Amino acid sequence: MTPLAQRRLNQFTSNKRAYRSLWIFLTLFGISLFSEFVANDKPILMYHQDELWMPVLVDYSEKELGGELDARAAYWDPYVENLVEGSGGWMLWPPIRFSYRTADMYLGGPAPRAPNSRHWLGTDDAGKDTLARLIYGFRISVLFGLLLTIISASIGVAIGALQGYFGGVVDLLGQRVVEIWSGLPILVILIILASIVEPSFFWLLGCLAAFSWMSVVAVVRAEFLRTRNFEYVRAAKALGDNDLSIIVRHVLPNAMTAALTFLPFILSGAITSLTALDFLGFGLPAGSASLGELLNQGKRNLQAPWLGLTGFITVGVMLTLLIFIGEGIRDAFDPRKTISGSGFK
Amino acid sequence: MTNRLIEVTDLSVAFADNAVVEGVSFHIDEGETLALVGESGSGKTVSALSIPQLLPYPYAGHPSGSIKLMGEELMGAGDTKLLAVRGSEISMIFQEPMTSLNPLHKIGRQVTELLVLNNVLDKRSANEKVRELFDLVGLDDSIRVDAYPHELSGGQRQRVMIAMALAQEPKLLIADEPTTALDVTIQKQILELLQSLQERLGMALLLITHDLTVVRSLAQRICVMNSGRIVEEGNAKQIFTAPEHDYTKHLLAAEFLSEPPKADSASETIASIDNLEVNYVIGRQWFGRPKTLAAVKGVSLEIKAGHTLGVVGESGSGKTTLGMAILRMLPSEGQIVFMGNELSSLKAKDMKRFRKDLQIVFQDPYGSLSPRMTVSQIIGEGLRIHSPELDEFERESIVRDALIDVGLQEDMLKRYPHEFSGGQRQRISIARAIVLRPKLIVMDEPTSALDVSVQSQIVDLLREVQAKYDLVYLFISHDLKVVRALAHYLVVMKNGNVIEQGEAGQVFDSPKEAYTRELMDAAFSPLG
């Protein structure tokens, strides 16, 4: 690691709020990555007929387990439970016995159910466990946000680099295109498109990426405009280096700092967009676990405050953590703060 | 018996925990000129800024010391006291006239504001006073009081700064490198102004500089500083004629560079430039011809093998533009013939073949190395482009040789530029240029940003490398002393034209043109 990177890392870790936020966020995200093992309507591991089964990874039919139906085994069904445990086997369940799409058949009352020992955060109006939906929804939000950030940052950096490096007519035209493009009302366009195409994860990702690369362009372009006249760039030209190589090897590494500080904020923006679309009902296909859908449930069922509160607290905490991390990264890259941390200005 | 104005005893300054000045004592009498001389990082500016307590406290601190202004202690004095002292008793002018003035305010207003805010004068009499001050610092009536800073030249801005500093008739003027950013001829005018003002107003002057020529003509007493200490103190004549401390001797020796080694005058011409013109487009209308500014106007010259061609002139004379145009880094008209090949008509792709033979070293040792590449990557870059057949091991061994050629150690290969001093960085730039074994290197002010003693080392290095690899330099500089030490042939430029050219010795000893004489005068004997 270069001394500069080391200094930035030290600066980041010495910012307690950002550092702790990062760890909390990583823990939550890490857990949610293994959602299938945390909240599922299938056992993780099962001992049955002297064999180990892994229902969480493999779909077994009830017949294979010695039952009657030639369909996917429903492990929550007392019949299947009896089948396994009655013959001396055992089942290792995840801590939450419901998946995001499991409608609980033994609710014991009308949905939505308030929190109880069976459903820690209650259920929504289709009898699905809120906590399970929350965990899956968190995962899809963060993954969506990360992918969107990577894609829009790549597009933004590439376009900003070309504009800034070549300047002149390229820059002039590029800036006009960016201005017109960023003037389009994104939500309205997505709503119109959603009435033509059935939205899916990647379809949404593509649409949002098409509109979210502009914020990076501005910073990268500005850095390139500044850097392209530096003497080390002119020295590279004098060495006979071609434009692509100068951009990638000489200018880009110096312009990335500005773009990097933007990424956590783009990430939280991306998560917010997805949540908003889901809330409005133009997001992920019906039935998917998502935070926006959870908030929408809360709005529709004001008599069940646990739905709205869960959604609100989760989105609030997640965005707050991301902003704290973002601030930490921004400060770590700030050269004035990396001198000694004593605030010499 | 004159009165003590400032008495500094045992002053130390520390930033965070780094001591930068240790136990410095000096005094300034009324009406006297004291010079603090030293290289960058020697603590001279920091010592001077301590007097009006202008350091970034509390990041900076004084572990010890006392500063007395006419017997009154300034160290640890309250803000009210210090505010009363700053400007009215002690004022300052800085090095950079471009950034010392607020670009959004008229110059007159910036001076009046100072007088009105300090309750010296009311608004109307302040306006009169400003006109008076502008006359005093030699800003004639053509400079309007309501001009904006960008309308003025560097020298004029420095005059405005001086007017501002003098507004409250201070007893001490601290001048921090007042002429470093200015052209030689302007430098001379500013120095003359400072000297005459001092005589007329009877104020004391604390001059901070690395430029011994400036000191020689202005200072009565000199303190030589080196790494935070005063190593020698004495009156000017004594220090220049009989320096005692080794460091002072070293500084003085660095100033006098020897003549360049002889070059064979019969050697062949490797490049000839004929009627070269460079026009910058400065404005474009929708219809009609673009507006242009001629930066280089019809320059013709020849460059001979083994020679150094010096190009001198003030800023804006087109000397850097000329160098860039010869390297075909700028569009130009006219002929550039290099080793029998016509370069001016080549396309960028065909030009690549010649890039290997034509290299450049820039002025700014901080801007010319990419901060995110290691020394080995920076020097190896040219090899990567021109000798892609080399494997990593071969490339590194060539890079290592180049590094040793420029007097650096091979364990520096994996380090990043920010770990090096200005002089070392300039060596890295030179290594980057010579690693390809070029024929011609354009040196664009390679020593201007360096301290005098480092300058002389770089000059020695350039000579050494030139002899070893039979290089031709196109040496662009405004510093005539350095040019004299290197150039065999001299071209004097002004406003894009060649004023005079000829054998270096001849031009230096008996300049034909008035402008050349003026330049020589200003450079070698600032105040007669």
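Residues numbered from 1 in each chain as written. Chains lettered and ligands numbered in written order. Predicted model: local features only at pLDDT ≥ 70, side-chain atom pairs only at ≥ 80, totals over all residues. Heavy atoms only, no water.

Chemist: Outline empty space enclosed by the protein, listing residues and values.
Modeler: Evaluation of the coordinates by the stated rule reveals 2 cavities of 30 Å³ or more. Its volume calculated, the largest cavity comes out at about 50 Å³. The wall of the largest cavity is formed by Tyr232(A), Ala236(A), Leu239(A), His250(A), Ser370(B), Met373(B), Ile378(B), Glu381(B) and Arg432(B). Counting residues per element, the ones that place at least two in the lining of the largest cavity are helix 10 (231-238) of chain A together with helix 13 (375-386) of chain B. Of the residues that constitute the lining of the largest cavity, the class distribution is 5 nonpolar, 2 polar and 2 charged. Taken together, Val37(B), Leu212(B), Ile222(B), Val224(B), Ile239(B), Phe240(B), Thr248(B) and Leu251(B) form the lining of the second largest cavity. For the lining of the second largest cavity, the secondary structure elements donating two or more residues are strand 10 (221-226), helix 9 (236-241) and helix 10 (246-255) of chain B. By residue class, the composition of the lining of the second largest cavity is 7 nonpolar, 1 polar and no charged. (1 Å grid on protein atoms, 1.4 Å probe; cavity = no way out; pocket = protein on both sides within 12 Å on 5 of 7 lines; lining within 4 Å. Points joined across faces, edges and corners; volume = space filled by probe spheres on them. Helix = DSSP H or I, 4+ residues; strand = E, 2+ residues; numbered from the N terminus. Nonpolar A, V, L, I, M, F, W, Y, C, P; charged D, E, K, R; others polar.)

Chemist: How would you sum up a negative patch on the surface? Please name residues and give values.
Modeler: Residues and elements named next belong to chain B. Residues Glu389, Asp391, Glu392 and Glu394 make up a contiguous surface patch of negative charge. As for its position among the elements, Asp391 is in the loop between helix 13 and helix 14 (392-405). You can call Asp391 partly exposed: its relative accessible area is 41%. (Patch = residues over 30% accessible without salt bridge, like charges linked within 9 Å, V, L, I, M, F, W, Y side chains within 5 Å. Areas by Shrake-Rupley, 256 points an atom, 1.4 Å probe, with all protein chains shown as cover. Salt bridge = Lys/Arg side-chain N within 4 Å of Asp/Glu carboxyl O. Lys, Arg positive; Asp, Glu negative; His and termini not counted. Charge placed at Lys NZ, Arg CZ, Asp CG, Glu CD. Buried < 20%, exposed > 50% of the residue type's maximum accessible area, 1.4 Å probe, protein only.)

Chemist: Give me the lowdown on the layout of surface pockets, citing residues and values where you can.
Modeler: If you add up the space inside the second largest pocket, you get close to 970 Å³. Taken together, 27 residues line the second largest pocket, and the ones lying closest to its centre are Tyr165(A), Lys237(A), Asp243(A), Arg328(B) and Met329(B). Put simply, the parts of the chain that give the lining of the second largest pocket at least two residues each are helix 5 (130-166) and helix 10 of chain A together with helix 11 (319-326) and helix 12 (348-355) of chain B. Looking at which element gives the most residues to the lining of the second largest pocket, the answer is helix 12 of chain B, with 5 residues. Among the residues forming the lining of the second largest pocket, the class breakdown is 10 nonpolar, 7 polar and 10 charged.

Chemist: Outline the packing of aromatic side chains, listing residues and values.
Modeler: Using the criterion set out here, one finds 13 aromatic pairs over all chains in the structure. Residues Tyr100(A) and Tyr136(A) carry aromatic rings whose centres are separated by 4.8 Å and whose planes lie at 50° to one another, so their mutual orientation is tilted. Taken together, the positions of Tyr100(A) in the loop between strand 3 (90-92) and helix 5 and Tyr136(A) in helix 5 put the pair 36 residues apart, joining distant regions of the chain. For Tyr136(A), a relative accessible area of 6% gives the class buried. Look at Tyr165(A) and Phe166(A): their rings are 5.0 Å apart centre to centre, the planes differ by 85°, and that puts the pair in the edge-to-face class. The exposure class of Phe166(A) is partly exposed, given its relative accessible area of 38%. Above the plane of the ring of Phe324(A) lies Arg17(A), whose end atom (NZ or CZ) is 4.4 Å from the centre. The ring of Phe508(B) has Arg484(B) sitting right over it, with the charged end atom 5.0 Å from the ring centre. (Phe/Tyr/Trp six-rings, centres within 6.5 Å; stacked < 30°, edge-to-face > 60°. Lys NZ or Arg CZ within 6 Å of the ring centre and 35° of its normal.)

Chemist: Describe the domain arrangement of chain B, and please don't skip the residues or the numbers.
Modeler: Residue and element names in this part refer to chain B. Each domain of chain B was delimited in the assignment, giving domain 1 (4-255), domain 2 (269-357 + 440-524) and domain 3 (373-435). Opposite the 12 residues of domain 1 that make contact, domain 2 presents 12 residues. In total, about 1300 Å² of surface goes out of reach between domain 1 and domain 2, with carbon and sulfur atoms giving 54% of it. When the buried surface of domain 1 facing domain 2 is broken down by residue, Asp183, Val184 and Thr185 rank first, second and third, together holding 39% of it. At the boundary of domain 1 and domain 2, one finds 0 salt bridges. Of all the elements in the fold, those that place two or more residues in the side of domain 1 that touches domain 2 are helix 7 (184-201) and helix 10. Among the residues forming the side of domain 1 that touches domain 2, the class breakdown is 3 nonpolar, 5 polar and 4 charged. (Domains from an automatic or database assignment. Contact = heavy atoms within 4.5 Å. Buried area = accessible area lost by both parts, 1.4 Å probe.)

Chemist: Tell me about unusual backbone geometry, and name the residues and values.
Modeler: Residue and element names in this part refer to chain B. Positive phi, normally seen in glycine, also occurs at Ser227, with a value near 35°. Residue placement: Ser227 occurs in the loop between strand 10 and strand 11 (229-235). On the basis of relative accessibility, which here comes to 52%, the residue Ser227 falls in the exposed class. One non-glycine residue with positive phi stands out, namely Arg437, at about 55°. Mapped onto the secondary structure, Arg437 falls in the loop between helix 15 (422-434) and strand 18 (440-444).

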